[in-house]
Amino acid sequence: MVTLLVATSIDLASINPANALLAMPGWQPLPSLQDMKSFSNQGVRMLVHGNSIIREDHLEKWWEDATGEVVNEVIFFCKHTAVSNRPALTVHPIGVPQLREEDVAGDLGPGWAAPPNPRIGPWLRLLKRIAESHNLVPEFVVIGLFTFKGEALFQTHENLEHLAMMERVLGPIPQHMLKRVERPAEKYVRIGLLTGCFVSLFSVYAILAHILGIFSPTKGIIYMETVYPVFSVFALLSLHLFMYGCNLFMWKKTRINYNFIFEFSPTTALKYRDAFLICTTFMTAVVAAMVLHLILRASGFSPSQVDAIPGLLLMVFIVFLVSPFDIFNRPTRYCFIRVIRNIICSPFYKVLMVDFFMADQLTSQGLNVVLRVTWVETVMGFRIGVVESRLVDFLLASLEVIRRGHWNFYRSCLQMLRGCFKSLRGVCF
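(A) Broad picture of the overall build of the protein. A tally of regular secondary structure across the protein gives 15 helices and seven strands. In the protein, which comprises 429 residues, the share counted as buried stands at 31%. A separation threshold of at least 6 residues defines the contact pool for the protein, and within that pool the share at least 24 residues apart is 67%. Element-wise, carbon and sulfur atoms account for 65% of the exposed surface of the protein, whose accessible area totals about 27,000 Å².

Pasting the structure below:
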């Protein structure tokens, strides 16, 4: 019994590994079979043809009929592109095991295939060790790819048969992988818990503000001029985070490679769950500080003491932002600091796409809002009080943040299309 290696000359990702293997000692040429080159090395045979590999079926029967040798295993050299658009070193069982011979698996043709080889797991681990020893990671991603079409052979939801099949093929699943699978669920729980806390605290704040008359035209002028602007800035920043999380979610769903566009590291880049978790944590802390401020104010504390709460909250956020400890998404925090530095000192630093993105988003937090409010009040010809003016400013600023979030999503899509066009133009023209 022999092992048959199959390569195609029309695919560089197939013929190059085959040529590298043939350059090793021990290979002997065999007679050509139907204009296809063949080689031998002990119990291994290699066949080089000029057709697409995905359309080649029953090669083991064809080889046995032509040579009389029984083939116990067929291994193909082929190419695969990862969803992240990074070059990939892949181990991939060909075919869809759960389909019958008369079924068709879309572009894969007739469906039946043998179950995955149990040696795929050791091959994948060996390929990873070789890639790491030659410093190919993280430029290349090492993955195991399993094709799925139609109804699942083993249902994946709380099914021990599916887990047993995976461990039979890949070997025991490492504990660190199981822990990583549990993290998204933990983040969902935390997001839900913090969202509930935010809603409860905001309801308490609204009730206290109504009881104390914070937003009344007579009592609320000092509050709206001193404390409210600071809290409103925090609220708008959390809205920025929420819109960024929405952008990350939509980019993922539409397969926009935002890590490539913004030159983020895939291992440390912020995921949409992380963005929503940071947003809910940030806003819950802000509303809690607002409630504490009103409670202390209603308890008779001096305004000079109570009004220091927004400043203390700002100091806490700054300490967390510049903290050198590897907590609270340190790579993301330091990336944010670098981006702000590049925006402020743009003539002295190289400005990247992420800097344009952040500057465009933050434009809605400053002079742009003031100009829009002034323009609306001038055109409409209405005059409002101080309290109402602050509320209108916050409302329009929130709408502007949402508009900027939508615009930046479409802008990133356009940037992705431009990058693809440039790549195709460089290859085709």
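Here the narrative resumes.
(B) Spatial organisation of the environment of Glu73. Take Glu73: it is sitting in strand E5 (residues 71-76). With relative accessibility at 10%, the residue Glu73 sits in the buried group. Between the alpha carbons of Glu73 and Val44 there is a distance of 9.8 Å; along the sequence they are 29 residues apart.

(C) Structural view of the nonpolar core. Tyr244, Leu248, Trp251, Phe262 and Phe264 are the most contacted members of the largest nonpolar core, which totals 23 residues. Elements supplying a minimum of two residues to this core: helix H5 (175-212), helix H7 (228-253), helix H8 (258-262), helix H9 (272-298), helix H12 (330-344), helix H13 (353-362) and helix H15 (386-428). Among the elements that take part in this core, H9 stands out by supplying four residues, more than any other. The contacts of Trp251, once residues within four sequence positions are left out, are Tyr244, Ile256, Tyr258, Phe262, Phe357, Asn408, Phe409 and Ser412. Of all hydrophobic cores here, the second largest spans 22 residues; its members include Tyr205, Ala235, Phe282 and Met283.

(D) Expanded view of a nonpolar patch on the surface. Together, Leu314, Met315, Ile318, Val322, Tyr334, Phe336 and Ile337 make up a nonpolar patch on the protein surface, roughly 570 Å² of accessible area in all. Every element with two or more residues in the nonpolar patch is listed here: helix H11 (309-322) and H12. Take the nonpolar patch: its biggest share by element is four residues, from H11. Note that Leu314 resides in helix H11.

(E) Structural detail: the sheet that holds E5. Overall, mixed pairing links the five strands, which are arranged E2-E3-E4-E1-E5 in an open sheet. Of all strands in the sheet, those bounded by a partner on one side alone are strand E2 (28-33) and E5. When the angles between neighbouring strand axes are averaged without regard to direction, this sheet yields 25°. Against the sheet, helix H1 (residues 12-22) touches strand E1 (2-8), strand E3 (36-41) and strand E4 (44-49), its axis set at about 130° to E1.

(F) Local environment of the confidence of the model for the protein. Summarising the model, the protein shows a mean pLDDT of 77, and 73% of its residues fall at 70 or more. Ignoring residues within four places in sequence, the model shows residues 149-154, a span with pLDDT below 50, making twelve contacts including any to other chains. Low pLDDT, under 50, characterises residues 423-429; the stretch is placed with one contact to residues that sit more than four places away or in other chains.

(G) Region of the structure containing unusual backbone geometry. Backbone geometry at Asn135 places phi at a positive 60°, although glycine is not the residue there. Its place among the elements puts Asn135 in the loop between helix H3 (120-133) and strand E7 (141-144). With relative accessibility at 64%, the residue Asn135 sits in the exposed group. The phi dihedral of Phe328 falls on the positive side, at around 55°, and the residue is not glycine. Along the chain, the position of Phe328 falls in the loop between H11 and H12.

(H) Molecular detail of the pattern of salt bridges. One pass over the structure, following the stated rule, counts two salt bridges. Here Arg45 ties to Glu69 by a salt bridge, and the two come within 2.9 Å at their closest N and O atoms. In this pair, Arg45 sits in strand E4 while Glu69 sits in the loop between helix H2 (59-67) and E5, placing the two residues 24 residues apart along the sequence. Residues Arg330 and Asp326 are paired through a salt bridge, measuring 3.9 Å at the closest nitrogen-oxygen approach. Judged by relative accessible area, which is 29%, Arg330 ranks as partly exposed.

(I) Structural context of H3. Between its terminal C-alpha atoms H3 stretches 20 Å, which fits the 20 Å expected from 14 residues at 1.5 Å a residue. Every buried residue of H3 is listed here: Ile120, Gly121 and Ala131. When H3 is viewed along its axis, its buried side chains cluster within an angular range of 105° and face the same direction. Exposed and oriented more than 90 degrees from the buried face of H3 are Arg129 and Ser133. Asn135, located one to two residues past H3, shows a positive phi value of around 60°.

Criteria and thresholds
- Residues numbered from 1 in each chain as written.
- Predicted model: local features only at pLDDT ≥ 70, side-chain atom pairs only at ≥ 80, totals over all residues.
- Heavy atoms only, no water.
- Helix = DSSP H or I, 4+ residues; strand = E, 2+ residues; numbered from the N terminus.
- Buried < 20%, exposed > 50% of the residue type's maximum accessible area, 1.4 Å probe, protein only.
- Contact = heavy atoms within 4.5 Å.
- Areas by Shrake-Rupley, 256 points an atom, 1.4 Å probe, with all protein chains shown as cover.
- Core = buried A, V, L, I, M, F, W, Y, C linked by side-chain atoms within 4.5 Å.
- Patch = residues over 30% accessible without salt bridge, like charges linked within 9 Å, V, L, I, M, F, W, Y side chains within 5 Å.
- Salt bridge = Lys/Arg side-chain N within 4 Å of Asp/Glu carboxyl O.
- Pairing = 2+ DSSP bridges.
- Axes fitted to C-alpha atoms, helices over the stretch in contact; angles between N-to-C directions.
- pLDDT = per-residue confidence, 0-100.
- Expected span 1.5 Å × (residues − 1).
- Arc of directions from axis to C-beta.

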